[in-house]
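# Observations on chain architecture
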Amino acid sequence: MKTLHQTPFKLMLILASISLVIACGSPEKRTELQSNAIRNIKTGGSKLISIDGKYNVWTKKVGEGKIKVLLLHGGPGFSHDYFECFEDFLPKEGIEFYYYDQLGSGYSDVPTDTTLWNTARFVEEVEQVRKGLGLDNFYILGHSWGSLLAMEYLNKYQKHVKGAVLSNMTASIADFVDYSAVLKSKLITGEEKRLFDSLDRAKAYSSPDYSSLLNEKLYTKVICRLPLEQWPEPLVRAFKKPNQTIYLQMQGIDEFHVTGSLRNWDFWDKLPNIKVPTLVLGGVYDEMNPKSMKEEAQLIPKSRLYLCPDGSHMAMYDDQSNYFNALIGFLKDVNQESFVADKK
């Protein structure tokens, strides 16, 4: 049996429920609820970031931690894929890192406007990515071309950076070209060099002989010191899908031909401007001159040098233990404020 005071109370509940339904049905409330729902959708860490209000670039967060590292892949025109081995080392150390496919690469938009492929624009793109990810007081790790890009980014925006890793890159393209010639003379016989040079003069870059010499005699000695059939899958995948337009325009036909817009790049005089703790990381068997990487480290005030004793350009694969021990040690030292730079 209902009492007199229960009926008005239940009526109030019913009216309140009706009001809530009506409110949720209003356009303003629906928009708010939809926005909240979109913000709460889980994507496995993937996020698209708008560049110049025209394009989207793909990023992905991996792991959780106070140490946050943005990765800049090589190329130009390659993708994040070959960085995937980082997943086996950084997250378990409490290090959070971010993949990022540069515009024109990987999962990011691929515009046809060739005026976009220049270093200055890529620097501004990195800054927009930093803002889009909400990163500050973060670490930047560049590999190869990505290291060149990191140097240029640091020259303009290092106030946002806590520490930098310059992996497998010298401070000028002229130095790289000179050392490439030295490597060719060391790694292939006189007869092979004559064949290589004749094919080069004929621009027969798609010929089986040229590909064999490039891959078997050079790339397996200075890019990744493993037989081609043993190259790790993420590395093979990365080599299958570069944006050749960007690579040709900025680099050239291959690693041993720099004919693109980067050919006059030189950063030697600007290295002392990098004031954040920096790890110069390379390989003894790198396509970049180890002596030049030593000089690079000497010119950066707060730097530490490590050359992987068995590593080449992809030392994260062919000298994995040494590469990641040096990298993780550096990140933790800087984060714990126990970093000590090499003596200059």
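Here's what I pulled together on the structure shown here.

One pass over the structure, following the stated rule, counts 13 salt bridges. As a salt-bridge pair, Asp333 and Arg304 come within 3.1 Å of each other at their nearest N and O atoms. Taken together, the residues span a long stretch of sequence, with Asp333 in helix 12 (residues 320–335) and Arg304 in strand 8 (residues 303–308) at a distance of 29 residues. For Asp333, a relative accessible area of 22% puts it in the partly exposed group.

In this section: the packing of aromatic side chains. Overall, the coordinates contain 22 aromatic pairs when judged by the stated rule. Measuring from centroid to centroid gives 4.9 Å for Phe196 and Tyr210, while their planes differ by 25 degrees, and the two rings are stacked. Taken together, the residues span a long stretch of sequence, with Phe196 in helix 6 (residues 190–201) and Tyr210 in helix 7 (residues 208–222) at a distance of 14 residues. For the pair Phe196 and Tyr210, a shared accessibility class is recorded, and that class is buried. Where Phe330 meets Phe339, the ring centres are 5.6 Å apart and the plane angle is 90 degrees; that geometry is what we call edge-to-face. Phe339 shares its class with Phe330; the two are buried. A connected cluster of aromatic rings, assembled from ring pairs, spans Trp58, Tyr82, Phe83, Phe86, Phe89, Phe97, Tyr99, Tyr107, Tyr323 and Phe324. Note that Arg121 overlies the ring of Phe122, its terminal NZ or CZ placed 4.5 Å from the centroid. Its guanidinium or amino end placed over the ring of Tyr107, Lys241 lies 5.1 Å from that ring's centre, counting from NZ or CZ.

Scanning all chains against the criterion turns up one cavity of 30 Å³ or more. Taken as a whole, the largest cavity holds about 90 Å³ of empty space. Gly75, Pro76, Ser144, Trp145, Leu148, Met169, Ile173, Phe176, Gln251, Glu255, Leu262 and Met288 together form the lining of the largest cavity. Of all the secondary structure elements, the ones that give two or more residues to the lining of the largest cavity are helix 4 (145–157) and helix 5 (173–187). Looking at the lining of the largest cavity residue by residue, the classes come out as eight nonpolar, three polar and one charged.

The rules behind each value
Residues numbered from 1 in each chain as written. Predicted model: local features only at pLDDT ≥ 70, side-chain atom pairs only at ≥ 80, totals over all residues. Heavy atoms only, no water. Salt bridge = Lys/Arg side-chain N within 4 Å of Asp/Glu carboxyl O. Helix = DSSP H or I, 4+ residues; strand = E, 2+ residues; numbered from the N terminus. Buried < 20%, exposed > 50% of the residue type's maximum accessible area, 1.4 Å probe, protein only. Phe/Tyr/Trp six-rings, centres within 6.5 Å; stacked < 30°, edge-to-face > 60°. Lys NZ or Arg CZ within 6 Å of the ring centre and 35° of its normal. 1 Å grid on protein atoms, 1.4 Å probe; cavity = no way out; pocket = protein on both sides within 12 Å on 5 of 7 lines; lining within 4 Å. Points joined across faces, edges and corners; volume = space filled by probe spheres on them. Nonpolar A, V, L, I, M, F, W, Y, C, P; charged D, E, K, R; others polar.

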